[in-house]
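Inside the fold
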Amino acid sequence: MGFFSGQNCIKLDMQKTLTNSKPVSEYTPKLVAIPLKNMAFEDFTTHVNVGDVVKIGTKLATGNDHNKLPLFSSVSGTVTAIEKRDHISLKKTNHIIIENDFKDEKELLFDPVEDILSFTGDEIKKHMKDAGVLGLSGSGTPTFTKFRNTKNVTSILINAIEDEQFITADEYNITTYPALLAKGALTLLKAADAKECVIVIRESNKEGFEKLSAILGDFQEIKITKMPDIYPMGFERTLIKKIWDKTFKVLPIEAGVISTNVSTVIEFARTLTNALPLYERVITLAGDGFINQQNVKVRIGTILSDIVAEMGGYAAGVPKNARLVHGGPLRGSAVITDNLSVTPVTNGFVCIANAEHEQSPCSRCGACIRHCPAGLQPIQIIGAFKLKNKETLKQLGADKCIECGVCSFVCSSFIDVSDNAKKAKAFTLQK
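Throughout what follows, the structure given in this document is the object of discussion.

Definitions and cut-offs
- Here, residues in each chain are numbered from 1, in the same order as that chain's written sequence.
- The model is predicted, so local features are restricted to residues of pLDDT at least 70 and side-chain atom pairs to those at 80 or more, both for listing and for counting; the totals for chains, interfaces and linings are taken over all residues.
- Heavy atoms from the whole structure form the basis of all side-chain values; hydrogens and water molecules are not counted.
- Among buried residues, the Ala, Val, Leu, Ile, Met, Phe, Trp, Tyr and Cys ones that are joined through side-chain atoms within 4.5 Å form a nonpolar core.
- Classification of residues uses two cut-offs on accessible area relative to the type maximum, computed with a 1.4 Å probe and protein chains only: under 20% is buried, over 50% is exposed, and between them is partly exposed.
- The way it works is that DSSP assigns letters per residue, a run of H or I at least four long becomes a helix, a run of E at least two long becomes a strand, and they are numbered from the N terminus.
- When checking whether two residues touch, look at their non-hydrogen atoms; a contact exists if any pair is within 4.5 Å.
- A pair of strands is considered paired only if DSSP assigns at least 2 bridges between the two.
- Axis angles are defined between N-to-C directions and span 0 to 180 degrees, where every axis is a line fitted to C-alpha atoms and, for a helix, only to the segment in contact.

Moving on, we get to the nonpolar core. Formed by 42 residues in total, the largest nonpolar core has its most connected members in I156, I158, L181, C197 and I199. Contributions of two or more residues to this core are made by α2 (121-130), β9 (155-160), α3 (169-176), α4 (178-192), β10 (196-202), α5 (206-216) and α7 (262-274). Take this core: its biggest share by element is nine residues, from α4. Not counting chain neighbours up to four residues away, the residues in contact with I199 comprise I158, A160, L181, L212, L216, I222, K223, I224 and T225. Counting 21 residues, the second largest nonpolar core, distinct from the first, contains I88, Y314, L324 and C351.

All right, on to the sheet that holds strand β17 (residues 348-353) then. Pairing is mixed in the open sheet, where six strands are placed in the order β1-β14-β13-β17-β15-β16. Edge positions in the sheet fall to β1 (25-27) and β16 (333-335), since each has one partner strand and no second. Going across the sheet, the axis of each strand differs from the next one's by a mean of 30°, ignoring polarity. On top of the sheet, α3 reaches β13 (280-286) and β14 (294-299); it is set at about 130° to β13, its chief contact.

We now examine the pairing of strand β15 (residues 322-326). Most of β15 sits out of view: four of its five residues are buried. The pairing of β15 with β17 spans five bridges and is classified as antiparallel. Residue pairing for β17: H326 is matched across the bridge by F349. As paired elements, β15 and β16 share three bridges and run antiparallel to each other. Each bridged residue has a counterpart across the sheet, and for H326 the counterpart in β16 is S333. Connecting β15 to the next strand, β16, in antiparallel fashion are six residues, including G327 with a positive phi near 90°.

Printed below as a string of structure tokens:
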């Protein structure tokens, strides 16, 4: 069965107008809690102590792995504690707590320049690493790792599809900062010494397409192309195959392509412009569990419960019998508390009321198999995983799961197929 053939994709009932039709609110918190964690990595050396005064951009910690990822303060104020708190990963991890003095004093990473395109490719890559730029689509991968070896890179792919039903943070950035996106794309081309950049966007995002087209007319190196409104369309493997007719085994760079998220590019252009690391971002609060569904600009480290309270709180009866998800309901992950910090990769939270469904045994309807875009058999994979049969999991291709969430979305028995398939994939890939 062909990868992402038409019958495997689904047409989603997009709920984006619930948030993208409203003005963006802004909330500045009294305190922030910066997690000492990125993806599974938690080994950081801290550079501040309780009682220290910090500014926006002060380096708080540095990772002890080979990436040496730096973490920065998002407010000016005083460090009041370093303590374990709940994290979006559902694990408790150390956080640096900073009380905001609301002075917004700043500590710059480098000397700003009038035109960021005057930076050399090497300077751009250095600033990318020093600022700890992360992929903002949810992966949290340090962006500079993609630019370590660009010898065979010919193209940059900027994914602006944002195909989750509710999340509109990327779409806000596209329509509000098209000039920053264009400049960011040009800096990435220079850093990679690549020849072309392609921005892909959903067909239905007409406002974003029009604003980008108006800006990009002056840049021959940057092209914009539309993709159908079907899910899952916004995956690297699909887009690279459709645009360049190239395939890769593990990473897009094998096909000569560096792929990144649209908000990553915009925020990196902002970093080059103001000489500050990412310290605030727009996130989406969506779903009928929130009284007010909207996009909100917040500081990194802001506590979700504080944001929700400021935006009007929860609907009656919530959070009981509600599902709270970090990210979209398809590829996001459910969380069990709202005492969580906004991280650099947080694009939103979805709260769906009356989301509890009684799970029933698999009816063998085959919907998860028919709709799997990777051509897998999710329910068989789950069965093999329960038996911890790694050989069968390999034969079933469990490691090929793209974690799109379609299998759970179409399951009439309300089985959490996707979550178990993800666990089966991780088990299969264990050495």
